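# Analysis of the macromolecular model
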Amino acid sequence: MSKKLTGDVLTQNLAALEGWHLNADGSAISHSFRFADFNAAFGFMSRIALMAERLDHHPDWHNVYNTVNITLSTHDVGGLSDKDMVLARFISSLAA
Ligand SMILES: C[C@H](O)[C@H](O)[C@H]1CNC2=NC(N)=NC(=O)C2=N1
């Protein structure tokens, strides 16, 4: 099982992530993405889906046409872990 990130370690990890917001209770991070159209949004989601399977770590997400709202947390630890940071960095690299 992954280890829960807390305190300074969590703060440092979050500082290195552009555009991700910590939710109110500190247990998850979210990012909203917008694309030209549904095709671009779904292509983005498809690439994330393949990585999520490789990592065995899956996003909570919501897609409406060209927008994708993503929330990451590690349910097993009730908060954030390295897996969320790895997946967040991968997602950000796709959108860049
Ligand atoms: C049994 C399986 O390994 C677990 O349920 C995995 C799958 N994907 C997961 N994804 C996320 N985001 N958090 C988890 O705790 C998690 N756990």
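Our structure is the block above this text.
Now for a look at the structure at hand. (Residues numbered from 1 in each chain as written. Predicted model: local features only at pLDDT ≥ 70, side-chain atom pairs only at ≥ 80, totals over all residues. Heavy atoms only, no water.)

## Examining the site of the ligand
- As a structural note, the neighbourhood of the ligand is formed by Asp 56, His 57, His 58, Ser 73, Thr 74, His 75 and Asp 76.
- Contacts to the ligand include His 75, whose backbone N or O atom sits 3.0 Å from an oxygen atom.
- The separation between an oxygen atom of the ligand and a polar main-chain atom of Asp 76 is 3.1 Å.
- In isolation the ligand exposes 390 Å². Once the protein is present, 65% of that is buried.
- Looking at side-chain class alone, the shell around the ligand contains no nonpolar, 5 polar and 2 charged residues. (Near = heavy atom within 4 Å. Polar contact = N/O pair within 3.5 Å; in protein donor to acceptor, adjacent residues only side chain to side chain. Areas by Shrake-Rupley, 256 points an atom, 1.4 Å probe, with all protein chains shown as cover. Nonpolar A, V, L, I, M, F, W, Y, C, P; charged D, E, K, R; others polar.)

## Description of the packing of aromatic side chains
- This structure, assessed with the given rule, holds 4 aromatic pairs.
- For the pair Trp 20 and Phe 33, a centre-to-centre distance of 6.1 Å together with 70° between the ring planes defines the contact as edge-to-face. Here the residue Trp 20 occupies a position in the loop between α1 (7-15) and β1 (21-22), and Phe 33 occupies one in strand β2 (residues 29-34), the gap between them amounting to 13 residues.
- Look at Phe 33 and Phe 44: their rings are 5.0 Å apart centre to centre, the planes differ by 55°, and that puts the pair in the tilted class. Separated by 11 residues along the polypeptide, Phe 33 in strand β2 and Phe 44 in helix α2 (residues 38-55) bring together distant segments of the chain. Note on accessibility: Phe 33 and Phe 44 belong to one class, buried.
- Clustering of aromatic rings is evident, with ring pairs tying together Trp 20, Phe 33, Phe 35 and Phe 44. (Phe/Tyr/Trp six-rings, centres within 6.5 Å; stacked < 30°, edge-to-face > 60°. Helix = DSSP H or I, 4+ residues; strand = E, 2+ residues; numbered from the N terminus. Buried < 20%, exposed > 50% of the residue type's maximum accessible area, 1.4 Å probe, protein only.)

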